[in-house]
Amino acid sequence: EQMAQAPMLGREHVHEIRRLRRGALVAPRLEADVIVSHLTVTWMNLALITGLRALNPDRPILHVEHSYTEGFVASHDVPRQRFATLLRVSYAMFDRVVAVSGQQGAWLMRRGFVPAERLVTINPSVDLAPFLALTPRLAGVPQVWGLIGRLDVQKGFDIAIRAFRASAGPDDVLRIVGDGPERASLEALALGDAHIQFTGWATVPAEAMAACDAVLMPSRWEAFGLVALEAQAAGRLLVVSGMDGLADHQRHGAIGVGRNSVEAWAAVLERLRHGVDGERILRGRQRARRAALDFEAAWLALLEEAAAPSTVANAA
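Keep in mind the model is a prediction, meaning the values are calculated, not measured.

1. Considerations on the packing of aromatic side chains
So, step 1. All told, the structure shown has 5 aromatic pairs when counted by the stated rule.
So, step 2. Pairwise contacts between aromatic rings join Y68, F72, F83 and W221 into one cluster.

2. A closer look at the pairing of strand β10 (residues 237-240)
So, step 1. Every second residue of β10 is oriented toward a common face, with L237 and V239 on one face and L238 and V240 on the other, all of them buried.
So, step 2. Where strand β9 (residues 214-217) and β10 come together, 4 bridges link them in parallel fashion. Its bridge partner lying in β10, V215 is registered against L238.
So, step 3. In this fold, the crossover linking β9 to β10 by way of helix α11 (residues 226-233) has right-handed handedness.
So, step 4. Looking at chain direction, β10 and strand β11 (residues 255-256) are connected through 2 bridges and run parallel.

3. Description of the sheet that holds strand β8 (residues 196-200)
So, step 1. Overall, parallel pairing links the 6 strands, which are arranged β8-β7-β6-β9-β10-β11 in an open sheet. Because the sheet does not close on itself, it has two edges, and the strands there are β8 and β11.
So, step 2. Two strands pair when backbone bridges link them, and strand β6 (residues 144-148) and β9 are joined in this way by 2 bridges, in the parallel orientation. Looking across to β9, one finds that G146 is bridged to V215.
So, step 3. Together, β6, β7 (173-177) and β8 form the strand contacts of helix α8 (residues 157-167), whose direction differs from that of β7 by roughly 165°.

Quick notes on the rules
- Residues numbered from 1 in each chain as written.
- Predicted model: local features only at pLDDT ≥ 70, side-chain atom pairs only at ≥ 80, totals over all residues.
- Heavy atoms only, no water.
- Phe/Tyr/Trp six-rings, centres within 6.5 Å; stacked < 30°, edge-to-face > 60°.
- Buried < 20%, exposed > 50% of the residue type's maximum accessible area, 1.4 Å probe, protein only.
- Helix = DSSP H or I, 4+ residues; strand = E, 2+ residues; numbered from the N terminus.
- Pairing = 2+ DSSP bridges.
- Right-handed = clockwise from strand over helix to strand, strands pointing away.
- Contact = heavy atoms within 4.5 Å.
- Axes fitted to C-alpha atoms, helices over the stretch in contact; angles between N-to-C directions.

Shown next as structure tokens:
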């Protein structure tokens, strides 16, 4: 959907989004110049991926890897050899595999899942205009710290709550924006602390971002992290665990915690009470201004390399 909504890609190509049933045994033949797969690579979907390749032998098929990272494997009890076989077999069906961050791409290549000549890295992007319209927070001491996203073990919000409780000043507030399966356990962890606010999903994400001085991302794994890009567009201080794709944001001004532990996060929050580096925040905002153009330019180049397309089918 990001591709279909991008202005330049929309002008240059006709996009069709085809939603395929997870675990389907029959794949469609698609009348398209290029097929872009957003399917999750699983054993359940292997027949679907194989059928997609078999029924479209003369069509370039590109696959975007949204899910798997080094941190994902470290955080899950998966049979490593069996998982490696699944990735190698599945990725072999595609003409190109698109990693969404440099760290993810380096891991895919280092483990031999995708050869260098078939791997492309393209950072995703979304409409950042509402965030770029916000006034950046370039000075002062952060007091409202934001955790934004799905309340899931992946996001590591439990780490940030413990760190906040260990280091918060009397005027600090931790705003947790989102919902999900971990909400009850996170609320229990907060122990009714009035400085920790659970706001639920935000109907206007930019307004939720505007209420924060800084955004924390203690994810245990993260292929890229679009919230990071939105925070940088908004001119907010961004602090990340450095796991997987979040490390890419450190090159553009985000502060990396290093070891993703309660102690490391508490130490960083304490240090930031002495003030923020406005130059670091501006560097992130400049990167965000380029993000959509970089995304479109990279996809245009890849599609032109794959074929001379007029119709692009997206399978999800």
